[in-house]
Amino acid sequence: LGAHLKYEGRGSAPAPAAAAEAAPKKKGGGKKQRRPKNDGPTVYVGNLSFDAKEEDVREIFEPHGSIASITVPPDRTTGRCRGFAFVTMEDRAGLDKAVDALDQTQFQGRTLYVNESKPKEEQKKDLGEKGASLFL
C-alpha cells in the first residue's frame, strides 16, 4: 500500500513551470544596481550628500564634458544616496577637465572628492600586502 501512495504522490506533483512560479523570491526584490560597463573613462565622486540625486550630479558635471552615464547607488534600507557616485564621461578630456574643476569643491555642504575610478583588480594591486591586512 505504501508504494501505491508514493506513486500517486508523484503523479500529483506540480509541473516544472508551476514549481518555478511557487519558488520563494530572493530577498531584496530586485536587481542589484551596478556601474554601467561603458568604454569611456569613469570618475569616482566621493563624499556626496546623502540627499544627492542623479540630476544634481549631472548638473555639476555637464559643464565639463559630455556624460555617457551616471550611477548613484542607493542605500538598501533607505533608498537614499550612499554618499558616492560614478560618472562615465564620453572622452578622456572631459574626465580630466571634470577632475581638475570639481575635486575638493563644495557641493550641498560637503567637500567632494573627485578622481578617476579604478577597476577593482587595480584597486587590489594598489593595496598590496599592507592594505590587505586592513580587511582581516
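This one's a predicted model, so the numbers in the text were calculated from it and none came from an experiment. (Residues numbered from 1 in each chain as written. Predicted model: local features only at pLDDT ≥ 70, side-chain atom pairs only at ≥ 80, totals over all residues. Heavy atoms only, no water.)

Draft legend 1. Just the pattern of salt bridges, in detail. Across all of its chains, the model carries two salt bridges by this definition. Put simply, Arg58 and Glu54 hold a salt bridge, and the shortest N to O gap is 3.3 Å. Of this pair, Arg58 and Glu54 both sit in helix 3 (residues 54–61), four residues apart, which is roughly one turn of that helix. When its relative accessible area of 34% is taken as the criterion, Glu54 is described as partly exposed. Here Glu116 ties to Arg92 by a salt bridge, and the two come within 3.0 Å at their closest N and O atoms. Of this pair, Glu116 sits in strand 6 (residues 113–116) while Arg92 sits in helix 4 (residues 92–102), and the two are 24 residues apart along the sequence. Residue classification places Glu116 among the partly exposed residues on the basis of a relative accessible area of 36%. (Salt bridge = Lys/Arg side-chain N within 4 Å of Asp/Glu carboxyl O. Helix = DSSP H or I, 4+ residues; strand = E, 2+ residues; numbered from the N terminus. Buried < 20%, exposed > 50% of the residue type's maximum accessible area, 1.4 Å probe, protein only.)

Draft legend 2. Just the confidence of the model for the protein chain, in detail. Mean pLDDT for the protein chain: 78, with 62% of residues reaching 70 or above. Summarising per-element confidence for the protein chain, the mean pLDDT is lowest in helix 1 (residues 2–11) (48) and highest in strand 5 (residues 110–111) (98). Counted against residues more than four places away or in other chains, residues 5–11, with its pLDDT under 50, gives zero contacts. (pLDDT = per-residue confidence, 0-100. Contact = heavy atoms within 4.5 Å.)

Draft legend 3. The sheet that holds strand 3 (residues 84–89), seen in detail. The antiparallel open sheet is built from four strands, whose spatial order is 2-3-1-6. What marks the edges here is a single partner per strand, and that holds for strand 2 (67–71) and strand 6. Along the sheet, successive strands turn relative to each other by an average axial angle of 20°, direction set aside. Alignment of strand 1 (residues 42–46) against strand 6, held across four bridges, turns out to be antiparallel. Each residue of the ladder has a partner; that of Tyr44, found in strand 6, is Asn115. Together, strand 1, strand 2, strand 3 and strand 6 form the strand contacts of helix 3, whose direction differs from that of strand 2 by roughly 145°. Strand contacts of helix 4: strand 1, strand 3 and strand 6, with the helix running at about 155° to strand 6, the strand carrying the most contacts. (Pairing = 2+ DSSP bridges. Axes fitted to C-alpha atoms, helices over the stretch in contact; angles between N-to-C directions.)

Draft legend 4. View of the side chain of Ser49. Tracing the backbone through its elements, the reader meets Ser49 in the loop between strand 1 and helix 3. Here the side chain of Ser49 touches Asp51 through a polar contact of 3.1 Å, landing on its backbone nitrogen. If sequence neighbours within four positions are ignored, Ser49 has contacts with Cys81, Gln108 and Arg110. (Polar contact = N/O pair within 3.5 Å; in protein donor to acceptor, adjacent residues only side chain to side chain.)

Draft legend 5. Representation of the packing of aromatic side chains. If you walk through the whole model with that rule in mind, you get three aromatic pairs. With 5.8 Å between their ring centres and 80° between their planes, Phe84 and Phe86 make a pair best called edge-to-face. With relative accessibility at 17%, the residue Phe84 sits in the buried group. Three or more aromatic residues joined by ring pairs form one cluster here, namely Tyr44, Phe84 and Phe86. It is Arg110 that lies over the ring of Phe50; its NZ or CZ is 5.2 Å from the centre. (Phe/Tyr/Trp six-rings, centres within 6.5 Å; stacked < 30°, edge-to-face > 60°. Lys NZ or Arg CZ within 6 Å of the ring centre and 35° of its normal.)

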